[in-house]
Structures are given as structure tokens and as C-alpha cells.
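Understanding the architecture of this molecule
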Amino acid sequence: MHFKSVKWLVVFTIFISLLFMGCGGSGKKVVTLKIAHGLNEQHPVHKGMAFMAQKIFELSDSTMVMKIFPNEQLGNEKECIEQLQIGSLDMTKVSSSALESFVPEMGVYAMPFLFRDEAHKWAVFNGPIGRELLDSGESSGLKGLVYYDAGARSFYTTKAPILKPEDLQGLKIRTQQSPMAIKMIQALGGSATPISWGELYTSLQQGVVDGAENNAPSLYTANHYEIAKHYSLDEHTAVPDVVLISTITWNKLTPEQQQIVQKAAELSVDYQRKVWKEFVDSCLKEMEEKGLKVYHPEKGPFIEKGKELWKEFDGTKIGDLTSRILEVQ
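Residues numbered from 1 in each chain as written. Predicted model: local features only at pLDDT ≥ 70, side-chain atom pairs only at ≥ 80, totals over all residues. Heavy atoms only, no water.

1. A few points about the overall build of the protein
How we decide: A run of H or I in DSSP counts as a helix once it spans at least four residues, and a run of E counts as a strand once it spans at least two, with each numbered from the N terminus. As a reference, a globule follows 2.2 Å times the number of residues to the power 0.38, and the radius of gyration itself is taken over C-alpha atoms. Relative accessibility under 20% of the residue-type maximum defines a buried residue, over 50% an exposed one, and the middle range a partly exposed one, all with a 1.4 Å probe and only protein chains included. Contacts are assigned to residue pairs with any non-hydrogen atoms lying within 4.5 Å of each other. Where accessible areas are quoted, they stem from the Shrake-Rupley method and a 1.4 Å probe; at the residue level, only the protein chains shown are allowed to cover.
Scanning the protein from terminus to terminus reveals twelve helices and eleven strands. Rg of the C-alpha trace for the protein: 20 Å, near the compact-globule value of 20 Å for 329 residues, within the 12% margin. Relative to its 329 residues, the protein shows a buried fraction of 58%. Residue pairs at least 24 apart in sequence account for 76% of intrachain contacts in the protein once pairs closer than 6 positions are excluded. With an accessible surface of roughly 13800 Å², the protein has 52% of that area assigned to carbon and sulfur atoms.

2. Remarks on the sheet that holds strand β1 (residues 31-36)
The cut-off we apply is this: Strands qualify as paired when DSSP identifies two bridges or more between them. For helices, the axis comes from a line fit to the C-alpha atoms of the stretch in contact; other axes are also lines fit to C-alpha atoms, and the angle between any two N-to-C directions lies between 0 and 180 degrees.
Strand order in this open sheet of five strands is β2-β1-β3-β10-β4, and the pairing throughout is mixed. For this open sheet the edge positions go to β2 (64-69) and β4 (142-148), each flanked by a neighbour on one side alone. Strand-to-strand, the axes of this sheet are offset by a mean angle of 25°, without reference to chain direction. Sheet topology note: the β1/strand β3 (residues 91-95) ladder contains two bridges and is parallel. Looking at the pairing, Ile35 lines up with Met91 of β3. In the packing of helix α3 (residues 77-86) onto the sheet, contacts are made with β1, β3, β4 and β10 (241-246), and the angle to β3 comes to roughly 140°. Most of the contacts of helix α5 (residues 128-135) go to β4, to which it runs at about 140°, and overall it touches β4 and β10.

3. A closer look at the packing of α5 against helix α12 (residues 317-327)
This is how the line gets drawn: Residue polarity is assigned by list, with Asp, Glu, Lys and Arg as charged and Ala, Val, Leu, Ile, Met, Phe, Trp, Tyr, Cys and Pro as nonpolar; anything else, Gly included, falls into the polar class.
At a minimum axis separation of 10 Å, α5 and α12 run at an interaxial angle of 145°. Residues Ile129, Glu132 and Leu133 of α5 lie in contact with α12, whose contacting residues are Leu321, Arg324 and Ile325. Split into classes, the residues belonging to the contact of α5 with α12 amount to four nonpolar, no polar and two charged.

4. A short note on helix α10 (residues 255-289)
What counts here: In this analysis, the expected span of each helix is defined as 1.5 Å times one less than the number of residues it contains. Bend, at a single residue, is the angle you get between axes fitted to the 7 residues ending at that residue and the 7 residues starting at it.
Between the first and last C-alpha of α10 there are 50 Å, a value that for 35 residues agrees with the 51 Å anticipated at 1.5 Å per step. Its axis deflected by about 25° at Val269, α10 carries its strongest bend there. Of the residues flanking the end of α10, it is Gly291, one or two places downstream, whose phi is positive at about 110°.

5. A few points about the packing of aromatic side chains
Here is the rule: Two rings from Phe, Tyr or Trp (for Trp, the six-membered ring) form a pair when their centres are within 6.5 Å of each other. A pair whose planes differ by under 30 degrees is stacked, one over 60 is edge-to-face, and the rest are tilted. Both a distance and an angle decide whether a charge sits over a ring: NZ of Lys or CZ of Arg must be within 6 Å of the ring centre and within 35 degrees of the ring normal.
Applying the stated criterion across every chain yields a total of ten aromatic pairs. A centroid spacing of 4.3 Å and a plane angle of 10° characterise the contact between Phe51 and Tyr271, whose relative ring orientation is stacked. Highlighted residues: Phe51 in helix α2 (residues 44-59) and Tyr271 in helix α10, separated in sequence by 220 residues. Taken as a pair, Phe51 and Tyr271 share a single burial class, namely buried. With 5.6 Å between their ring centres and 75° between their planes, Tyr220 and Phe279 make a pair best called edge-to-face. One end of the pair, Tyr220, is in helix α8 (residues 216-221); the other, Phe279, is in helix α10, with 59 residues separating them in the sequence. On the basis of relative accessible area, Phe279 is assigned to the buried category, the value being 3%. Cluster of aromatic residues (ring-pair linked, three or more members): Tyr109, Phe115, Trp122, Phe125 and Tyr147. Sitting over the face of the ring of Trp250, Lys143 holds its NZ or CZ atom 4.9 Å from the ring centroid. It is Arg273 that lies over the ring of Trp122; its NZ or CZ is 4.0 Å from the centre.

In C-alpha cells form, the structure reads like this:
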């Protein structure tokens, strides 16, 4: 299914949320799960969640509904995570980088040039290490369900392209509120400037930062390409998105309901990955037509700089996880 055809999923989700606030068609009490995130409805990650909502509804025979709140309606990533911890929000989707303050082990995914290729990345996410990291937040009230594809992150800038690490010298680059992301920018030569996603457009516009780093769908859906006209595909990190559920909510569900939520989340991953790929191809083409200049810098110098950060974590838990990930075939 082409990404443009999934708008009905969002409409469907809203419709069933309104229709089944009380009881399902069988007269059973309906469980409503609220999930919040910071992206808009165009984004393929949002569409993955709309697909998950559809599957939860179907698998539960209309007795479970997932309501989606996009666009930071219920708060930024950090605030949504905190709401999960106290049980005022059921679910969220956040970047693994935003989880570092709550689940330090997640910081390993922000290690630069960690994955050899797409196959290696998904072998890690779908394997024992990926599951171990999803489970590692339970003591903090955060149960990881699945990973969503968030592609590779690259630099986009307002004045000139980043074609070699030296081009980052003196530039203020927006990062997530992530200790590892900050270290990564510094290791590559830039000045890391943490700013919330919702404030970034204005910060680029006003020159508070010289650029940022993210994947193509985020650059497109946030309209940052209107200001930052240079996109340099160094692909320094491939941090995933993580779908989380509050352990408070999870423990209130019956075993059958837990299985439905987990199954629906898993079914949505393949769909989200497919929509992601289609959207990347489409939005890059459209952004270039609207004036974005896309560059393919030689990655070797960036990789060498990035590996200097690896050495800093030798003998630590992050360092051990890095070594284990590098060994995954």
C-alpha cells in the first residue's frame, strides 16, 4: 500500500475512538489506550501507529481502542516518558536517544557509525540485544514493545554543506536532549545545542543554530528544508524509534490484552518500514524540486572521527554493548 493511501487509517482511528468510548459491539467494556508522540500525521512513524491502532481494534474484537495524540499535544518526548512513569499516559513513541536519561543502556544506539548496513541494524533490533534493551526500562516503569525505523541521521545546514568533519567547526548544531548525541556532535567537530523538536524551526529561522541532524522524513514533515537548504548524507547514526507502554497500564491489562497489544505492535513494524522507505524516496525528490541541495560526502573521515568516541567507552556497559553489537551477523 502506498503511503498516500493510509490517510484512512487516521480517520478510522479517530472514528472508532469516538464510537466506542463506552462499550464494544458485543456489549463488553472497551479499554482505551492513549498514545502520544511529537510528529505530525504525515510522518510514516505516525502512520505505523495508526496501523497498530487498527490491528488492536481488530484483534480485540472491537474491545480495545488506541487513541493517537500527535504533534506534541500531550508534551515533548521527555514529558511523555514521565507521564508513562506515573500512569497518566498509556503509551508513547520516542527516539531511543530521548530514553537515555531513563534507560542509560539505550545510549548505545546513538554511537556513531554503529551499524554496517540495514541488515545488521535489524538483526540487532530483532535479536537478543534489541529485546534486552527494550526490557531494560521496566524497572523505570517503561516497557518497550517494538522498534520503528527512523532511518539514518545526517546533517542539514542553513549556509553551507557539511562535506568533511572540519566543516562542522564553529557551527551550532541542534541535538536531542541526549548525552550521547551531544558527545557525538562534539566528536565530529560541531558545537552541540540541545533544543526541543517543536522549537527547532524557529531556531533555524532566527539563527539560534546553524543546522541540525535528522532523517529525511523529519526534515520534510517539519518543513525545516524551507530554511536549511543543504542536506549532507553522512548518515552518522541510525537511532531507532521505540514504542513504549507504561508498566502501570501493562499490568492492568489481562494476559490476552497484553498479547493483543504486543502482536499489533509487531504487525505494525513491517508496515511502518515499508511506508518509511516509500516516504523517504518521495520526500527527498519533492524537497530537491523545492530547492534542497543533497550531498553525498565521503564517509571515511566522519567514520574515523566517530570511532574516537567508541574508545571513550571502553570498559563501560555502553562499550560492552557496542562490542556485542559489532559482532552481530
